[in-house]
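Here is what each chain is made of, one letter per residue.
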Amino acid sequence: MAKAETNPRKAAHNNVSGETASKPKNAVYSDIQKEETFKAAVFRDFFNSAKYAYEPNIDNIDFIVTEAKTLKGNIWTRHYLWAESKKGIAEIYPMLTQLILTIKKTYEKGDHLPPLFIACFDTSKIAFVPFHDILPIFSDSDINWNITPSNYASPDFKKTEKKVEALSKKNIVIFNFNIDKKEIINFINKNLVSGNITAKFQINKNNFVIIYNKWLENVKKSIAIDWNQVKKSDIIDGDFFLADLLSKDNYTLKDKLFVVLMNNQYKFDKKFDDAGFSLYKEVGFNDNQKAHNAFWIKYERPPLEEYWDYIINRRDLLVPQDIRERKGSFFTPRQWVELSQKYITDVLGEDWQDEYYIWDCAAGTGNLLAGLTNKYNIWASTLDKADVDVMKDRIKNGANLLEDHVFQFDFLNDDLLKLPKGLLDIIKNDKKRKRLLVYINPPYAEAGNVKQRVGTGANKGGTTTNNQTYIKYFEQLGKASNEIYAQFLIRIYKEIEGCKIGNFSKLKVLQASNFENFRDVFKAELKKLFIVPADTFDNVVGKFPIGFHIWDLEKNSKKFKKIKSDVYDRDSVFIGKKTICSIDGKKLLTEFTISEKNKKSIFGHFAARGCDFQNQRGVFIDNIIDTKSGGGLHVYISCENLINVAVSFTVRKIIPADWLNDREQFLYPNDNWKNDIEFQNDCFAYMIFNNNIQSGYGKNHWIPFTEEEVNARNNFESHFMSDFIKGKLQNDGYNDLFSELEKKYKALKFSNEAKAVFKAGKKLWQYYHSQPTANVNAGLYDIREFFQGRDDESGKMNNKSGDDNYNSLINGLRNSLKKLAEKIQPKVYEYGFLIE
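Everything in this summary refers to the structure shown in the same document. (Residues numbered from 1 in each chain as written. Predicted model: local features only at pLDDT ≥ 70, side-chain atom pairs only at ≥ 80, totals over all residues. Heavy atoms only, no water.)

**A look at helix 5 (residues 181-192)**
Filter applied, for reference: Only DSSP runs of H or I with at least four residues qualify as helices, and only runs of E with at least two residues qualify as strands; both kinds are numbered from the N terminus onward. Working rule for helices: expected span equals 1.5 Å times residues minus one. Exposure categories follow from relative accessible area, calculated using a 1.4 Å probe and restricted to protein chains: below 20% of the type maximum is buried, above 50% is exposed, and the middle band is partly exposed. Directions from the helix axis toward the C-beta atoms define the arc. Contact definition: two residues touch when any of their heavy atoms are within 4.5 Å.
For helix 5, with 12 residues, the first-to-last C-alpha span of 16 Å sits near the 16 Å given by 1.5 Å per residue. Restricting attention to buried positions, one finds in helix 5 the residues Ile184, Phe187, Ile188, Asn191 and Leu192. One face of helix 5 carries all of its buried residues, which in axial projection span an arc of 100°. With respect to the buried face of helix 5, the exposed residues turned more than 90 degrees away are Lys182 and Lys190. In this structure, the buried side of helix 5 is in contact with helix 1 (35-46), strand 1 (52-55), strand 3 (79-85), strand 4 (117-121), strand 5 (125-130) and strand 6 (173-176).

**Quick notes on the nonpolar core**
Note the cut-off: Only buried residues count toward a nonpolar core, which is a set of Ala, Val, Leu, Ile, Met, Phe, Trp, Tyr and Cys residues joined through side-chain atoms within 4.5 Å.
Counting 85 residues, the largest nonpolar core has Trp359, Leu419, Tyr439, Ile492, Phe504, Leu510 and Phe518 as the members making the most contacts within it. The dominant element in this core, judged by the number of residues it contributes, is helix 19 (residues 484-495), at 8 residues. Residues in contact with Tyr439, not counting those within four places in the same chain, are Val337, Ser340, Gln341, Ile344, Ile358, Trp359, Asp360, Leu368, Leu369, Leu372, Gly502 and Phe548. Grouped together as the second largest cluster of nonpolar side chains are 74 residues, Phe666, Ile688, Phe720 and Ile810 included.

**Re the environment of Tyr470**
Along the chain, Tyr470 falls in helix 18 (residues 468-477). Judged by its relative accessible area of 16%, Tyr470 is buried. Between the alpha carbons of Tyr470 and Asn413 there is a distance of 9.2 Å; along the sequence they are 57 residues apart.

**Section: the packing of aromatic side chains**
Where we set the bar: Any two rings among Phe, Tyr and Trp, with Trp reduced to its six-membered ring, count as a pair given centres within 6.5 Å; such a pair is stacked if its planes are under 30 degrees apart, edge-to-face if over 60, and tilted if neither.
A complete count under the given rule lists 77 aromatic pairs for this structure. Seen in terms of ring centroids, Tyr29 and Phe177 are 5.2 Å apart; in terms of plane orientation they differ by 85°. Their pairing is edge-to-face. Note that Tyr29 is positioned in the segment before helix 1 and Phe177 in the loop between strand 6 and helix 5, a separation of 148 residues in sequence. No difference in accessibility class separates Tyr29 from Phe177, as the two residues are buried.

**Description of the pattern of salt bridges**
Under the convention used in this document: In what follows, salt bridge is the name for a side-chain nitrogen of Lys or Arg lying within 4 Å of a carboxyl oxygen of Asp or Glu.
Scanning the model with the defined rule gives 37 salt bridges in all. A salt bridge links Asp414 to Lys418; the nearest nitrogen and oxygen atoms lie 3.7 Å apart. The exposure class of Asp414 is buried, given its relative accessible area of 18%. Lys418 gets classed as exposed once you look at its relative accessible area, which sits at 58%. One network of salt bridges, in which partners are shared, links Glu516, Arg519, Asp520, Lys559 and Asp584.

**Side note on the sheet that holds strand 5**
For the record, the criterion: The rule for pairing is simple: two strands pair if DSSP sees at least two bridges between them. Axis lines are fitted through C-alpha atoms, for helices just across the contact stretch, and the angle between N-to-C directions can take any value from 0 to 180 degrees.
With mixed pairing, the 6 strands of this open sheet are ordered in space as 1-2-3-4-5-6. Across the chains shown, the open sheet's two edge strands, defined by having one partner strand only, are strand 1 and strand 6. Adjacent strand axes in the sheet meet at a mean angle of 20°, parallel and antiparallel pairs treated alike. Sitting on the sheet, helix 1 is in contact with strand 1, strand 2 (63-67), strand 3 and strand 4, with an inclination near 165° to strand 1. Strands strand 3, strand 4, strand 5 and strand 6 of the sheet are contacted by helix 2 (residues 92-109), whose axis makes an angle of about 135° with strand 4.

Structure, rendered in C-alpha cells:
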C-alpha cells in the first residue's frame, strides 16, 4: 500500500475495506483484549505530548483528543480530533457513518469548536477526513438522525453510509498502523494541531436557532431593558439577537429590522414608539457590554450574506417556545402547502379559488397561502402585529395578497364583530358562509407535556386556558379543550356554521380517548385526509403523524368513526393508505390485566403508561414493589395474572413505535386469545427476556434457568420461574410466597421461535456466570449492567460493552427475540388488540 500524503488534498489510499490487501497478518494492536486499553494505546503512540489530553466517551464519541488544558485567554477547550474506534477489523465507511451519527448533537450544541479532522480506526488502520467535507450532511433532512448509530444493518444506516462515502471519499487519508507510524505522526503534527485557534464558530441557516438559545442564556440578561415591557409589544428578544447577528464591528448591516445595534446600544424602528419604546431612545447594557463581547468573540458574524434573508424570514423560529405555542408560529413546509391545495382541489373542484372565500385565521407570516391565485378572495389574520407587518412587506415584494385583507386578530379571544367588514359580511350571509373555507395550520400546544405527565415538569400555565374560547366551550369539550387546535375547530364549528375547514393537526381529534367529548359535539363530515411525518414541520418535536383534514360543516353528519387516509413519507412520496378510526365505545387494554392485591403473593410490578404507541417507553416490568404514583397502569404481578401480564406487556412492545402508528390505541381483545396457548407462551417467553428485574430490589423470582443449566457457583434464592415453566409449583412448597396455590399450573410448551430465545438466553447466562465476580441471583438487567457499565456523567447504562463475547451473545438474544416478535405480531391484530 502506498504511503499516504501528509497533504489531505492529495492522493489517499483507495481501498477502504476492513481487510486491506497489504495488512500484515498480525495487526499491531490485535493482542489487546479490552477496547478502552486499545484506545489508550493509540493515544499513547501518536499523541505522546504534554499538550494533548485523551477524553473517551464524551457525548458517546469513542475517542477525543483535546488540548491538555485551556490556555489563558482561550475561549475554547480545543478539540483536535473526534474518532470512532473498533477493536478488531472493521470497514471504514460504516465506522465513519457511526461517528457522524454520533457527533451531530455535539456539533450542533456548539460547546466546542469542531476539530479540523475526524477519524476512525481499528486495530490495523486509521482514516482521516477533513471535517468541513462532511459538514453538508448535518443539514440533510433526508437522514434519520434518531437511529441507533451502531445499527449497521438498518436501511436508514445504509442510506446514510452512501452519503458519507460520497462526501468523504475525495479527501480521505488512510494509514496502516504497522508500516505508517512515522507518516501518521507527521500527518497529525502538520494537519490536526498546527497553529492556534483563530477560527470562530460559523453560523448558518441550520444552526442559528441553536446559537440564539445560547445568546438567551448569556447575553439577554445584560441588556438594560424592562423585558416585561417588551412582552407587551410585538418585539421579541429574537429581534435583539438578529440585530447582533447581522452586524459587523457592532453595527447592524441589514435594514428593515425591528431593532438595530449601533456600537454599544440598540435602537428601535419608529413603528414601535407607540408600544412604549420611545422611553428607550437608546438601550445599552448593564455590565458595560462584557457578556455581549464575551459571547460574540466565539462566533463569526455576520454569517454569509446568502443566509441573511432566510434567517430574517424565519424570525418565527426565534419566538420563545411559550409564545410560539400560543401564537402558532409553526411554519408549514412548502411541500405540504402544495399537497394540501391539491387535495382541496379534489374535494371542492378545479375552480375553488374563484368560487370560495379563503380565511387563514392563524396565518403567521402567511406561507400557507402561497400559491393561491385570487387575492380578492383571500383573508389572513394573525395574533402577532409583527407578523402582519411581515405579510405586508411581502405584499410589497410581490406576495399575492391584499393589504386590506391582512389584519391582526386574536381568534381565540376577539369578537367576530371586530373582523373587517368584507369578511364579516361573508360570515353573516348564509349562502356566502357555505362558500367560506377556513384554511389553517393552528398551533399544537397543549396544557401538559411529557415531563409533566411523568412528574418531572410543570403544566404549561396559561398556554391554552387563558382565552375566551376555552372558557366558553370547556364543559362541552372536557380534556380536549387543553389543545389549542381543538379550540380553533370548535369555535369555527359553533360560530361559523356551514363553512368548510381545511386544517393541519394531530390525529387526536379522530383517535384519542380524551377527545370523545369533542367528537360528540363536532359532527362534521370528514371528506378527505392525508397524513405526513410531524417532524417535517418546523418546531414540531416527536415522531407522530400530522394530518390535513378537509371538513364539511354544512351537512348534519354523524359522529366520526373511520376514514381511509393517504400516507406520504417525508419526501412527499405516496406510500399507501391507512385506516384511521375512533375507539369510542371500545374498552382499552388497560382493563385487561387486574392487579394482585395480596402483598404476600406479589413478585413483580408491571407499568403501562397510556394505551398507545407514543407511550411505549413507559411500558416495563420491574420488581420495585413500592407504592406507585403517577399516571398509567400499575399492576402487581402474581401467579394468578402472570400470563395476562405477559400478553399485555408483549403486545405493547413487539411492534416498533414509529411516526405512523404513534397515536394508535391498544384495545381489550376478543376472546379468541384464550384458546391460543402457543400465543400465550410466546408472549411469556418474550416477557422473560425483556424485563428490568434487578436482584438489588429483593429476591429475584424471575430466573428462567436452574443452577445446573447456567453453571452457577451457588444456589439461587428462588427457583420460582424455572419451576413455573416446568409446571412444578404445586409440588415444591411455595406457601411462603403464595397463600393459595391451585393445582392448575402445567408445564409450558414453547414454539421453535420461543425455544430459540431460551437457547440464546442460556448462553448469555452461562457466560455471565463464568465471570469471577458474577452475582448468582442476577437478572437480565443486572447482566447487561455488569458488562455495559454506566456513563460517569449521566449515570445511564452504556449502549455497548468492551467485551466482544458479550456483545455477540446479547446480539444473538436480541435477534432471536426479534424473530419471536415477528411471529406474534399478526396475532395482535387477529385478536383485536389493534385495529388494522
